[in-house]
Amino acid sequence: MAARIVKEFTKGLWKEIAPFRFVLGLCSVLAVTTDVKNGLGLGCAVIFVTTMSNVLVSALRKIIPDKVRIAVFIVIIATGVVIVELTMQAYFYSLFLVLGIWIPLIVVNCLVLGRAEAFARKEGVMLSLADGVGMGLGFTISLVVVATIREILGKGTWFGLPVMWEGYPGFEFMIRPVGAFVCLGLLLGIMNVISARGRRKRK
Amino acid sequence: MSLRDIIKMIVVLTIVSAVCGGGLALVRISTADQITYQKIKFIKEPALKQILVGYDNDPVSDRKEIVTGKDKKGKDVATTFFYAKKAGQVITIAFETEAPGFAGNVGVMMAVKPDGTMQGVAVTTLSETPGVGTRVKEDPSFCAQFVGKPLTANFSLGAEIQGLSGATVSSTAVSNAVKSGVELYTKHKSQLGF
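To start, this report covers the structure provided alongside it. Only a predicted model underlies this, so the values are computations on that prediction, with no experimental measurement involved.

**Let's talk about helix α9 (residues 177-202) of chain A**
Residue and element names in this part refer to chain A.
Phase 1 of the analysis: Here α9 contains 26 residues, and its C-alpha end-to-end distance of 38 Å stays within 8% of the 38 Å for a straight helix at 1.5 Å per residue.
Phase 2 of the analysis: Residues Gly179, Ala180, Cys183, Leu184, Leu187, Met191 and Ser195 constitute the buried set of α9.
Phase 3 of the analysis: On its buried side, α9 packs onto α2 (18-22), α3 (26-31) and α8 (125-155).

Following this line, the structure appears as structure tokens:
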């Protein structure tokens, strides 16, 4: 059981890391990754929501009738999102101002509903918890990686701290939406190359 | 599909929604105060910092709402008063007023000392013509004219206050806002409690 929990947790970090492997939840990956702080903020919100929705869906899986399951999932997910929104407004107001519409949009992030439908609906609470945290963490890692590349190249800073040499002009292309697509595309390519190498070695 | 299934669906969905709704209501109630505080802090504090000096408390938490009038529908309109204190003693009271300008209302945060002199005036919100009307906010010498005057002074343009040339409408709006603020303050002075 313990091994299984570890497996479900770690699969979200590399083997099934959602934005790169399944290309899920891309809108927010592309939109909020102009700097690392925003990426991390949204990532934490998503960790909370996936974990909460996975645990509740899994706990209620035997009493939720099949025909209305999606409606029930959405109610649960939306509740989690509103909790995040209110908490963020109360304690991290500046982050709330920056992330704005992307917080309520977590409701329609296919990652969250995808985990509820594909995993939590069938598995036990502990496994779903591991899966939710792992998937959320994987999502956060993806956001931070994309944001790191974009912020360093685009603004010459990381987490707001200057990391490039003095007078770095800033590669503005990376801050623009196009930069997000290019960056994500390259990352996907690199990940596929690494995985393909790994498979060949095993053969 | 049997009737049993249908009833089960309805019951489950209703219960889940009700529990979630109740939970959210609880979260909302417990965060409401903190959210108002944060909103005021982020939106009003910059103006407060500009005009309040020498205080050692947090004026954003030492605030008081007083009903100061009614809107068109007969609902109460409240003004928030911010208390700046030093060693527990109120040294200044700040509040926001507004008056119509060239484009929309011009909001003005003004600070009054208990002895009835003007401590300072700062423009908070405005949507005036950039570079012209916005000078009432950008040019510190304009708002500085109000400082230190007694509340009984005539804050009209041309009397105690010189308007910015080219921005007469916006200057008038600030002066009108201050005048209505003085009126409001005088009227509700007894309710402020200091």
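There is more to say after this.
**Some remarks on unusual backbone geometry**
Phase 1 of the analysis: Residue Val23 of chain A is not a glycine yet carries a positive backbone phi of 50°.
Phase 2 of the analysis: Considering the arrangement of structural elements, one finds Val23 of chain A in the loop between α2 and α3.

**Considerations on the interface of chain B and chain A**
Phase 1 of the analysis: Across the boundary between the two partners, chain B contributes 18 residues, which contact 20 residues of chain A.
Phase 2 of the analysis: Taken over both partners, the interface formed by chain B and chain A buries close to 1,800 Å², and the fraction arising from carbon and sulfur atoms is 82%.
Phase 3 of the analysis: Here chain B is connected to chain A by zero salt bridges.
Phase 4 of the analysis: If you look at where chain B meets chain A, you find two residue pairs in polar contact (both at pLDDT 80 or more).
Phase 5 of the analysis: Its residues placed into classes, the side of chain B that touches chain A shows 11 nonpolar, four polar and three charged.

**Regarding helix α1 (residues 3-51) of chain B**
Phase 1 of the analysis: A rise of 1.5 Å per residue sets the reference length of α1 of chain B, with its 49 residues, at 72 Å; its end C-alpha atoms lie 69 Å apart and thus fit the reference within 8%.
Phase 2 of the analysis: Within α1 of chain B, the axis deviates most sharply at Lys44 of chain B, by approximately 55°, and proline Pro46 of chain B lies no more than four positions further along.

**Here's the deal with the nonpolar core**
Phase 1 of the analysis: By size, the foremost hydrophobic cluster in this structure holds 34 residues, and its most contacted members are Leu42, Ile103 and Ile106 of chain A.
Phase 2 of the analysis: If you list the elements that add at least two residues to this core, you get α2, α3, α4 (36-59), α5 (69-91), α6 (93-99), α7 (110-120), α8 and α9 of chain A.
Phase 3 of the analysis: A per-element tally of this core places α9 of chain A first, with five residues.
Phase 4 of the analysis: Core analysis: the second largest hydrophobic core is formed by 32 residues, Ile66, Tyr83, Met118 and Phe155 of chain B among them.

**Some remarks on the side chain of Lys149 of chain B**
Residues and elements named next belong to chain B.
Phase 1 of the analysis: By the element assignment, Lys149 lies in the loop between α3 (140-144) and α4 (168-192).
Phase 2 of the analysis: Despite its burial, Lys149 remains without a salt bridge, the nearest opposite charge being carried by Glu160 at 4.0 Å.
Phase 3 of the analysis: Look past the residues within four positions of Lys149 in its chain and what remains in contact with it is Gly116, Thr117, Met118, Phe155 and Glu160.

**A closer look at the sheet that holds strand β3 (residues 89-100) of chain B**
Residue and element names in this part refer to chain B.
Phase 1 of the analysis: Ordered by their spatial adjacency, five strands build an open sheet running β1-β2-β3-β4-β5, and the pairing between neighbours is antiparallel. Two strands in the sheet have a free side with no partner beyond their single neighbour: β1 (63-70) and β5 (118-123). Ignoring strand direction, the axes of neighbouring strands in this sheet form an average angle of 25°.
Phase 2 of the analysis: Examined bridge by bridge, β3 and strand β4 (residues 105-112) share eight bridges and lie antiparallel to one another. Across the sheet, residue Phe95 finds its bridge partner in β4, namely Met110.

**Looking at the pattern of salt bridges**
Proximity of charged atoms lets side chains of opposite charge pair with each other.
Residue and element names in this part refer to chain A.
Phase 1 of the analysis: By the definition in use, this model includes 15 salt bridges over all chains.
Phase 2 of the analysis: One salt bridge connects Asp66 with Arg69, and the closest N-O pair in it is separated by 3.9 Å.
Phase 3 of the analysis: In this structure, Arg121 and Glu117 form a salt bridge, with 3.5 Å as the shortest nitrogen-oxygen distance.
Phase 4 of the analysis: Take Arg121: its relative accessible area is 25%, and that puts it in the partly exposed class.
Phase 5 of the analysis: Judged by its relative accessible area of 22%, Glu117 is partly exposed.
Phase 6 of the analysis: Each of the salt bridges in this network shares a partner with another, and the network as a whole consists of Arg4, Glu8, Lys11, Arg115, Glu123 and Asp131.

Thresholds, definitions, all that
- Residues numbered from 1 in each chain as written.
- Chains lettered and ligands numbered in written order.
- Predicted model: local features only at pLDDT ≥ 70, side-chain atom pairs only at ≥ 80, totals over all residues.
- Heavy atoms only, no water.
- Helix = DSSP H or I, 4+ residues; strand = E, 2+ residues; numbered from the N terminus.
- Expected span 1.5 Å × (residues − 1).
- Buried < 20%, exposed > 50% of the residue type's maximum accessible area, 1.4 Å probe, protein only.
- Contact = heavy atoms within 4.5 Å.
- Buried area = accessible area lost by both parts, 1.4 Å probe.
- Salt bridge = Lys/Arg side-chain N within 4 Å of Asp/Glu carboxyl O.
- Polar contact = N/O pair within 3.5 Å; in protein donor to acceptor, adjacent residues only side chain to side chain.
- Nonpolar A, V, L, I, M, F, W, Y, C, P; charged D, E, K, R; others polar.
- Bend = angle between axes of the 7 residues up to and from the residue.
- Core = buried A, V, L, I, M, F, W, Y, C linked by side-chain atoms within 4.5 Å.
- Lys, Arg positive; Asp, Glu negative; His and termini not counted.
- Pairing = 2+ DSSP bridges.
- Axes fitted to C-alpha atoms, helices over the stretch in contact; angles between N-to-C directions.

Everything listed here is a matter of coordinates, which is why it stays silent on function.
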